[in-house]
Amino acid sequence: MRAKAGDSSVATWQGNVTKVNFHKQHFNGRISPAFANLTGLRLLRLNDNSLTGLIPDGLTRLPQLRLLNVSYNNLTGEIPKFQSTVNLATSGNLLLGKTPSSGRGGTSSNGNRVSAGMPQQLLQSEYS
């Protein structure tokens, strides 16, 4: 079953948290560096909240991470360098790093693949 917009969910597989879906929850504050302790995490959706501050560097060391969506928050600072297998959605954070001006994705100044307009089909892919 897929979560509806605004629904939060956490999925596990063999005792490991694999998905955290906290989009549209009206969260504020910073992204917790404790997410980096979830070594089986494949999908982290924190989009459409009011989060501030930096994307924690520890998230770059998550070996299974495939999607990080932090779009439409109030994040600032540089975008950390993620593995090439991570799809990173950052649109709507006016002061966060460098995003492609085309709105169709590309590479940030530090080599990350970013999407300023990631299609919903991808965001609801096998990781949903």
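Residues numbered from 1 in each chain as written. Predicted model: local features only at pLDDT ≥ 70, side-chain atom pairs only at ≥ 80, totals over all residues. Heavy atoms only, no water.

- By the naming in an unreviewed UniProt entry, the protein chain goes by LRR domain containing protein and is assigned to Trema orientale.

1. A few points about the overall build of the protein chain
Here's step 1: Summing up its helical and strand segments, the protein chain has one helix and eleven strands in all.
Here's step 2: Relative to its 128 residues, the protein chain shows a buried fraction of 40%.
Here's step 3: Intrachain contacts of the protein chain at a sequence separation of at least 6 include 37% that bridge at least 24 residues.
Here's step 4: Counting every atom, the protein chain has about 7,100 Å² of accessible surface; 50% of that belongs to carbon and sulfur. (Helix = DSSP H or I, 4+ residues; strand = E, 2+ residues; numbered from the N terminus. Buried < 20%, exposed > 50% of the residue type's maximum accessible area, 1.4 Å probe, protein only. Contact = heavy atoms within 4.5 Å. Areas by Shrake-Rupley, 256 points an atom, 1.4 Å probe, with all protein chains shown as cover.)

2. Looking at the sheet that holds strand E7 (residues 74–77)
Here's step 1: As summarised here, the arrangement of the four strands in space is E3-E5-E7-E9, forming an open sheet in which the pairing is parallel. In this open sheet, the two strands that pair with only one neighbour each are strand E3 (28–30) and strand E9 (95–96).
Here's step 2: Sheet analysis places strand E5 (residues 50–53) next to E7, joined by two bridges and oriented parallel. Each residue of the ladder has a partner; that of Thr52, found in E7, is Asn74. (Pairing = 2+ DSSP bridges.)

3. What to know about the environment of Phe35
Here's step 1: Inspection of the secondary structure puts Phe35 in the loop between E3 and strand E4 (43–45).
Here's step 2: On the basis of relative accessible area, Phe35 is assigned to the buried category, the value being 15%.
Here's step 3: Taking the C-alpha atoms as reference, Phe35 lies 9.3 Å from Val20; in sequence the two are 15 residues apart.
Here's step 4: Here Phe35 is in contact with Val20, Phe22, Leu41, Leu44, Leu46, Leu59 and Leu62, once residues within four sequence places are set aside.

4. Focus: the side chain of Thr18
Here's step 1: The residue Thr18 is located in strand E2 (residues 16–21) in this model.
Here's step 2: Every residue in contact with Thr18, bar those within four places of it in the chain, is listed here: Ala11, Thr12, Trp13, Gly40, Leu41, Arg42 and Leu43.

5. Looking at the pairing of E5
Here's step 1: Strand direction decides the pairing type here: E3 and E5, joined by three bridges, are parallel. Bridge pairing in E5 places Arg30 opposite Thr52.

6. Re the nonpolar core
Looking at soluble globular proteins, one finds that nonpolar side chains tend to be buried together.
Here's step 1: Ranked by size, the top nonpolar core spans 19 residues in total, and within it Ile31, Leu44, Ile55, Leu59, Leu65, Leu68 and Phe82 carry the most contacts.
Here's step 2: Residues contacting Leu65, with those up to four places away along its chain left out, are Leu41, Arg42, Leu43, Leu44, Leu59, Phe82, Thr85 and Val86. (Core = buried A, V, L, I, M, F, W, Y, C linked by side-chain atoms within 4.5 Å.)

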